[in-house]
Every structure is written in C-alpha cells, then in structure tokens.
Amino acid sequence: MTALLEIEDLRVTFNTRHGQVTALDSVSLHVNEGETLGVVGESGCGKSITALSVMGLIPSPPGRIAGGEIRLDGENLVGASDKRLRRLRGAEAAMIFQEPMTSLNPVFTVGEQIAEAIMLHQKVSHDRAFRDAIELLDRVGIPSPESRARDYPHQLSGGMRQRVMIAMAVSCRPRVLIADEPTTALDVTVQAQIFDLLNEIQRDFGAAIVLITHDMGAISEMADRVAVMYAGRVIEEASADNVLDHPLHPYARGLIDCIPALGREETDLKEIPGVVPPLHLLGEGCAFADRCAHCEPRCLREKPRLVTHGNHPAAHPAACHGVEEGRI
Amino acid sequence: MSPLLDVRDLTVRFPMPKPSLFAPRPHLEAVRQISFTLEPGRALGIVGESGSGKTTAAMATIRLTEASGGEVHFDGVDLLKLSPEKMRMRRRDIQLIFQDPYSSLNPRTRVNDIVREPMDLMEVGTPAERRERVVEYFRLVGLRPDQLDLFPHQFSGGQRQRISIARALTTDPKLLVCDEPVSALDVAIQAQILNLLARLKDELGLSYLFISHDLGVVRHVCDDVAVMYLGKIVEHAPRAALFDAPQHPYTQALISAAPSLARRKSKGYVRPLKVSGDPPSPINPPPGCAFAERCPRAQPLCREVQPELEPVGGSLAACHFPGPDEALRDAS
Ligand SMILES: Nc1ncnc2c1ncn2[C@@H]1O[C@H](COP(=O)(O)OP(=O)(O)OP(=O)(O)O)[C@@H](O)[C@H]1O
Ligand SMILES: Nc1ncnc2c1ncn2[C@@H]1O[C@H](COP(=O)(O)OP(=O)(O)OP(=O)(O)O)[C@@H](O)[C@H]1O
Ligand SMILES: [Mg+2]
Ligand SMILES: [Mg+2]
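Scope of this entry: the structure provided in the associated data block.

### Notes on the overall build of chain B
And step 1. Each helix and strand counted, chain B has 11 helices and 12 strands in total.
And step 2. Here the C-alpha radius of gyration of chain B, 21 Å, is about what a compact globule of 332 residues would show, namely 20 Å.
And step 3. With respect to the principal axes defined by its C-alpha atoms, chain B has extents near 65 × 60 × 45 Å.
And step 4. Restricting the contact set of chain B to residue pairs at least 6 apart, pairs at least 24 apart contribute 65%.
And step 5. On chain B, roughly 14,500 Å² of surface is accessible, and the fraction owed to carbon and sulfur atoms is 52%.
And step 6. Computed over 41 positive and 40 negative side-chain charges, the separation of the two mean positions in chain B equals 4 Å.

As structure tokens, this is what we get:
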C-alpha cells in the first residue's frame, strides 16, 4: 500500500545572520488514509516547518526547500506552481494552527469565512455555502450554530474559535489534515473536546491526520504512529505503542521518562541534561551527542541514519549508533 | 503544628467599566471567599483552568493584589492588617517565581546583580555576605559562578528559571509562591526545574504555593492540592486522595481530560468522562454551583444553592452530590 502523504529526504534551509542553517535535514515521513501520525519533539526541532512545507507555506526568502520530495497521492508537490498549491490548500490538505485568532479574519463573521472557504473550491451559490457552513458548525459541536454563524471571531471563546478553524479546515473534505499544536492555547477540558472531535472527524471523513504536539500524553491518546524529531531530523519512528513502550533512541526515552505524567507510578523524573543546540552550531555528528549518556567518539563524527537495527519484534527505525551497535 | 499560612474567606473583586453613566458599576469576582491552610515544609498545589482565579488568589494571599475581604494569617500574623512598612519587612519571608523567565528578568542587568537585588532591597547581611550568598545560591540551583557576569539573554529558558529561583531564595524565605514555573519550558527542561524545586523544598524546608494548570506537574511536586473553578475552591485534598479518589465532578472531569500515557488509541480508548462547554463568565457568576451548567450530575438544587466545602471521602469538596465517578474508576 502506498501512503497518502509521503515526505522523502526533505531538506529545508534558512538564511540567517549566522549564515545558512538547515532547519530540516533528510526528513522522511508518511501517513496513510484514515491514520493519525503524531509528530513530537522539543521547541525548534522542525515540527511546524515540516507542516508548512507540505502546505507550500515556507516563508521564502529566508526559507527554501533545498531538496527532497513531498508526494500527495504520488504527485510531487515540491516545485509545484503557486496555482497548484493554492488549489491544494483547503481542498486536499488543510492545516489547523495553534492560535486560531491569527488565522481567522476579525472583520468577517465566522459563517461568512467558512462559506468563503467552501466557495473557493466548490461551485456553489453563496446561500448554499452559508447553509453548509451552519451545518459544519453544528457538526463540530458549536451550540446554536444558526446564530453563532453570525458572530465575529472575538465573540467566541478560544475553544469555539478552534472548532470554527476545524469546521473551515474540513469544509472541503481534505484528505490530509495537519493540526499544529491545535490545543496548546486551550484548557484541558476543552482540549479533550477538540481531541475527541478530531477523532470523530477522522472516522466520518476518513482523513489522514498529522498531529503536531510536544505532549507525549496527547500522542498516546491520539496517534497510531509517531515520529520523534530532534534538531531538524526524525530520530525515531514507529507505532505509538512501540515508541511509548519500547523507545530506542536515548532522546525518545528521555522525552517519555521526563514527563510527570498521570497514569504512571510516581517516580523521580529523569532529566535530559543540557539544551537543544542552535541550528548554526550543529556539527558533523549526532545532534543529541552532547546531552547523551551513551555518547562515544563515533557519535561526534558521524550522523546516524534512521534505520531499523536488529530483529526484535518491537524493533523499529531509530537514528542512533548506540542502538545499531547494540550497546543501548 | 500551627499552619504557616491560614487563609480565611479571601475575596478579590475587580471593578469593571460602567455600562452607562447611571448604571451601577459591575464587579468581576476573581476570587470568591476561599479558605485554605498550608503547613510548614509542605507544597500546596492550586490547579484549575484559565481564569479560574489561581494567580489572583495567590497574589492576594501575599498582598501583591488587593483583597476585598478575608484574612491571611502568615506565621500567626494577619498580613492584610499590617502597615506597609511592617509588610515590607515581611517580604523577605515570602518570595515569588513567575511563569515567564524571559520577561521577569531585567535584560540590561547582569545576573549577579539580579540575584543580589532582593537582599539589597531588604538589607540582608553585609555587602560581602551578600556577594558570597549569590555565589552559594547560584551553585545550589545548578549554575556556574563563572556565568555570574552574563546577561539574562545569554541563558536558556531553563537556566533563566534557575536564576529566578536563586534570586527568590537568597532572603531565606519560608514561603515560595510559584506561578506556573514550568509551563513556558520544554518538557525536557521542565523535569530539570521540577526536580530542583523538589530538592530545594527538602533541603531548605520550604513551603510552596504552587500554581499550575498541569495536573501531572502538581502531582509530582505537591503534597496537597486545591482545585479552583470560577474563583472558588471546589475540592481540597492530600495528593493521593485527590488523584486516586476525587470527589468533585469537576476534579474528575479535569483528571479525565488530562492526556495520559495510560490511554492508548490502539487499545480503543474512549474518554471515560466528558464535559461540554466552557467555564461561565466571572462577571455575573450564577447563584448556585458555578459548574452546574457543565456537570453531568447537576440537579435543580445545584443551580440555586451554592455548595460549601465539606469533608467527603478523603477530601473537602464543595458539591451537593459528591462521590467517586464509576466510569473514571473503571477506566483507571
Ligand atoms: N523564518 C525563519 N528564519 C530562520 N529560522 C527559522 C525561521 N522559521 C523557523 N526557523 C528555524 O527552524 C527551526 C524549526 O522551527 P519550527 O517552527 O519548525 O519548530 P517547532 O518544532 O515547530 O517548534 P515549536 O514547538 O516551538 O513550535 C527552528 O530552529 C527555527 O529557529
Ligand atoms: N487586574 C485585573 N482586573 C480585572 N480583572 C482581572 C484582573 N486580574 C485578573 N482578572 C480576572 O480575574 C479572573 C481570574 O484571573 P487569574 O489571572 O487569577 O486566573 P488564573 O487562574 O491565574 O488563569 P491563568 O491560568 O490563565 O493564569 C479572570 O477572569 C481575569 O480576567
Ligand atoms: Mg511549531
Ligand atoms: Mg495565572
């Protein structure tokens, strides 16, 4: 089976005052129809840049897709025309951002904005589109959708605004829905509502979801598969169960052991010492080496590749020399 | 043992703009008659959603926000009755660390001076003793003394939070108020700071008033937990009771909503307990229980009569129909 969305060896660079930096370095990912891929990692590791690349939204300059392919149903989107990318956005792939206020227009009612999004991709009358918008608002759980459709974004709570964003994102039944930290600005009870909604929408529309988060708990509840990113690279990738129960890469292990999670016995939190190195200081070797308890000379010299080592039933791709050599 | 902090009926009201010239001025009740105690050497967590009044309650407790009513007995003295001068003397016993290690440190001051500042203000020890102390506390929080001449921007977020902690500790406070001390930090860095706070509490016998919206963080650091909803404490219990046998439906909803490693999509997990809607507005709070609109157990009584905190199970809970939730218990 070929994946619906496939990212292969994606490389994205930025021109900065420190010279050219590589924000994404041979990133490969895929998502199948009806599947949720969780992308997790610390701030600055490249989660959003990966998402923006798919949508053709990398700010350029200073950014540039310097290599690799992004295939949607086999069609390579890297280098596609602006016209093609505009048609893609909304119709085939849609994105939900962390702060819905920045992507909603404050001077139009939310019903109007959803109707607008529908008319952009479908040949329907304005009346019809507005009625569809109300139906979508109802679908995403907004109470009294008829009157809410006539509200402006600032009249809605944060949770309702995020629901409006989701309504807009699914208005043309995209095949891929990218949610970039869709709940970080929301309260937990509202976050739970949004997560449940995303799952329902996936069941109804069969969309593939890419959920970007820094929260391993969210990954556990939402994701079928997980990609762990560090400093612009995917360092581990497998089913959510394999990553959570049998993490291989020392960074993936650290990320799981360092959270004071509910639903786990109280233990001392394991720390990951140090901080993520800035992109312009990344060297030849493994970007995690200076924080790693298992670092050996080879780790400083040579970048580990993301491959499966060994034939343990839970074996899965991890970019780590220690795992390859069987010493971790 | 007498409590370090004994707060009674603390209330904070903010005046709002008048809707028209002759209309009465509306008030926003951010904190509504809350009472709690904190024993020396313990950490009390305050959890609750955005706008529930956590920060306002803590700030009013230490008199950085003006209370509209109530009493705050700190070491037996009512802080709200102290003269400004006497309150200033008390300040060295009470220190504060904030959520945002970026904006709470003056960018143009060397960290050496930043850490020493509270001692200068409160005239603690001789100048030489102050300098020694800065070095001592810098080490204690895991920073290197050779970094003392640097400016805040030359440190990472986690290191900046360490600097705020060092600064707070130099006056030997008895109480440390921590307002979301790790929510601006990456998870890996959070663990470093949480472990540091846990260690300092043991080593220095500190008491914490620890605000967080993250139940996992609170469970890790705190001995007792108070859950706030729309300006009221709805449940107050020792950590184990609160997490293992919560009595208030709102506490149950919070626990059920917090993402957990124990719930797996692959295991066909369904959220045991759902609440709909958003918290109500604090401007004209409903007469009865503020959670009634969203509560699966609500009865007509709940919308009319405000429940008070009363012992139930191992908790104090403000609910007309408290008790364990079957679905939540089966799920865990
Ligand atoms: N316009 C830009 N110019 C230069 N560098 C950039 C730009 N946008 C992003 N970057 C860099 O690219 C890297 C990846 O950023 P990205 O936004 O993808 O991180 P992220 O994983 O989404 O982090 P967060 O969790 O904070 O959202 C970062 O190191 C960032 O500094
Ligand atoms: N100075 C002020 N003037 C008017 N209203 C205020 C003021 N400070 C806080 N409030 C209001 O009081 C209520 C409680 O706010 P508070 O900041 O204490 O909540 P919180 O629980 O700390 O929330 P968060 O988790 O977002 O920090 C909110 O409705 C807030 O808008
Ligand atoms: Mg991002
Ligand atoms: Mg607050």
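From this point on, the discussion continues.
### Focus: the nonpolar core
And step 1. Of all hydrophobic cores here, the largest spans 98 residues; its most connected members are V228(A), I163(B), I165(B), Y208(B) and F210(B).
And step 2. If we ignore the near neighbours within four places in the chain, the residues touching Y208(B) are L38(B), R42(B), A43(B), L44(B), L175(B), L176(B), C178(B), L197(B), L200(B), K201(B) and V221(B).
And step 3. Grouped together as the second largest cluster of nonpolar side chains are 39 residues, I114(A), F130(A), L197(A) and M222(A) included.

### Observations concerning the site of ligand 2
Residue and element names in this part refer to chain B.
And step 1. All residues adjacent to ligand 2 are F14, L28, A30, E49, S50, G51, S52, G53, K54, T55, T56 and P282.
And step 2. T56 has a polar side-chain atom sitting 2.5 Å from an oxygen atom of ligand 2.
And step 3. Calculation on ligand 2 without its partners gives an accessible area of 640 Å², and the protein chains cover 62% of this total.
And step 4. Contributions of two or more residues to the shell around ligand 2 are made by β2 (27–38) and α1 (54–61).
And step 5. Tallied by class, residues from the shell around ligand 2 come to 4 nonpolar, 6 polar and 2 charged.

### What about the interface of chain B and chain A?
And step 1. With 39 residues of chain B at the contact, the number on the chain A side is 49 residues.
And step 2. Contact between chain B and chain A buries roughly 3,700 Å² in total, counting both sides, with carbon and sulfur atoms accounting for 52%.
And step 3. Per-residue buried area on chain B facing chain A is highest for P259(B), L261(B) and K265(B); these three make up 20% of the total on that side.
And step 4. Taken together, the connections running from chain B to chain A amount to 5 salt bridges.
And step 5. K267(B) is the salt-bridge partner of D241(A), the closest N and O atoms lying 3.9 Å from each other.
And step 6. Those elements that place two or more of their residues in the side of chain B that touches chain A are α6 (187–204), α7 (215–221), α8 (239–244) and α9 (249–257) of chain B.
And step 7. Broken down by element, the side of chain B that touches chain A gets its largest block of residues, 7 residues, from α6(B).
And step 8. Of the residues that constitute the side of chain B that touches chain A, the class distribution is 17 nonpolar, 10 polar and 12 charged.

### Thoughts on the site of ligand 1
All names here are of chain A.
And step 1. If you check the shell around ligand 1, you find 14 residues, and the closest are S43, G44, K47, S48 and I49.
And step 2. Between ligand 1 and the protein, one listed contact pairs an oxygen atom with a backbone N or O atom of G44 at 2.8 Å.
And step 3. At a separation of 3.4 Å, an oxygen atom of ligand 1 approaches a polar side-chain atom of E181.
And step 4. Isolated, ligand 1 exposes 640 Å² of accessible area, and the fraction of that covered by the protein chains is 66%.

### Side note on the packing of aromatic side chains
And step 1. By the definition in use, this model includes 6 aromatic pairs over all chains.
And step 2. Geometrically, the ring pair formed by Y230(A) and F288(A) is edge-to-face, given 5.3 Å between the ring centres and 85 degrees between the ring planes. On the criterion of sequence distance, the pair formed by Y230(A) in strand β9 (residues 225–230) and F288(A) in the loop between α11 (250–257) and α12 (297–301) is long-range, its members being 58 residues apart.
And step 3. Judged by its relative accessible area of 2%, Y230(A) is buried.
And step 4. Overall, F288(A) belongs to the buried group, its relative accessible area being 4%.
And step 5. Residues Y250(B) and F291(B) carry aromatic rings whose centres are separated by 5.1 Å and whose planes lie at 65 degrees to one another, so their mutual orientation is edge-to-face. Residue Y250(B) is found in helix α9, and its partner F291(B) is found in the loop between α9 and α10 (300–304); the two are separated by 41 residues along the sequence.

### Some thoughts on a nonpolar patch on the surface
And step 1. On the surface, L301(B), V305(B) and F321(B) cluster together into a nonpolar patch covering about 220 Å² of accessible area.
And step 2. As for its position among the elements, V305(B) is in the loop between α10 and β11 (310–312).

Definitions and cut-offs
Residues numbered from 1 in each chain as written. Chains lettered and ligands numbered in written order. Predicted model: local features only at pLDDT ≥ 70, side-chain atom pairs only at ≥ 80, totals over all residues. Heavy atoms only, no water. Helix = DSSP H or I, 4+ residues; strand = E, 2+ residues; numbered from the N terminus. Rg over C-alpha atoms; globule rule 2.2 N^0.38 Å. Contact = heavy atoms within 4.5 Å. Areas by Shrake-Rupley, 256 points an atom, 1.4 Å probe, with all protein chains shown as cover. Lys, Arg positive; Asp, Glu negative; His and termini not counted. Charge placed at Lys NZ, Arg CZ, Asp CG, Glu CD. Core = buried A, V, L, I, M, F, W, Y, C linked by side-chain atoms within 4.5 Å. Buried < 20%, exposed > 50% of the residue type's maximum accessible area, 1.4 Å probe, protein only. Near = heavy atom within 4 Å. Polar contact = N/O pair within 3.5 Å; in protein donor to acceptor, adjacent residues only side chain to side chain. Nonpolar A, V, L, I, M, F, W, Y, C, P; charged D, E, K, R; others polar. Buried area = accessible area lost by both parts, 1.4 Å probe. Salt bridge = Lys/Arg side-chain N within 4 Å of Asp/Glu carboxyl O. Phe/Tyr/Trp six-rings, centres within 6.5 Å; stacked < 30°, edge-to-face > 60°. Patch = residues over 30% accessible without salt bridge, like charges linked within 9 Å, V, L, I, M, F, W, Y side chains within 5 Å.

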